Amino acid sequence: MRRMRTFPAIPQSVHAARRFATGALADSPGATLEAVELMVSELATNCIRHERSSFHIAVLRTAHQIRVEVTDSGAGTPTMRSPGPDEPSGRGLQIVDMLSQDWGVEP
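Residues numbered from 1 in each chain as written. Predicted model: local features only at pLDDT ≥ 70, side-chain atom pairs only at ≥ 80, totals over all residues. Heavy atoms only, no water.

One finds F7, A17, V40, F55, I57 and V59 to be the most contacted residues of the largest nonpolar core, which totals 16 residues. Counting residues per element, the ones that place at least two in this core are α1 (12–24), α2 (30–51) and β2 (55–61). The element that contributes the greatest number of residues to this core is α2, accounting for six residues. With residues up to four places along the chain from it excluded, the contact list for F7 reads S13, A16, A17, F20, S54, F55 and I57. (Core = buried A, V, L, I, M, F, W, Y, C linked by side-chain atoms within 4.5 Å. Buried < 20%, exposed > 50% of the residue type's maximum accessible area, 1.4 Å probe, protein only. Helix = DSSP H or I, 4+ residues; strand = E, 2+ residues; numbered from the N terminus. Contact = heavy atoms within 4.5 Å.)

The following block contains the structure:
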């Protein structure tokens, strides 16, 4: 199964992207849906915050794997940060790293 959708760079798209991803995986276990929802939320927020461009989400599912791809038109490469306790942001990729089996960036 593969489902894909494009979202505009507006704050409401974060909620819509979460609903799209979890809807595509509706028959998955609750813990999986919660993890996907949080990861998509973080990645969609990054697209809106840093690139200010529309973004695409693809959900691919096989019998043994779920893959969620978030694509934007930004030229930069996402990198994991280690923000201090007083910094209000910068933990998104750490969350993705903790919740996923694997993640990466494809140019």
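What follows is about the sheet that holds strand β1 (residues 2–7). In spatial order, the strands read β1-β2-β3; together these three strands make up an open sheet with antiparallel pairing. Edge positions in the open sheet fall to β1 and β3 (66–71), since each of these has one partner strand only. Averaged over all adjacent pairs, the angle separating strand axes in this sheet is 10°, with direction ignored. The sheet contact formed by β1 and β2 spans six bridges and is antiparallel. Bridge pairing in β2 places T6 opposite H56. α1 rests against β1 and β2 of the sheet, and its axis sits at about 175° to β1. Here α2 sits on the sheet and contacts β2 and β3; the angle it forms with β3, its principal contact strand, is near 15°. (Pairing = 2+ DSSP bridges. Axes fitted to C-alpha atoms, helices over the stretch in contact; angles between N-to-C directions.)

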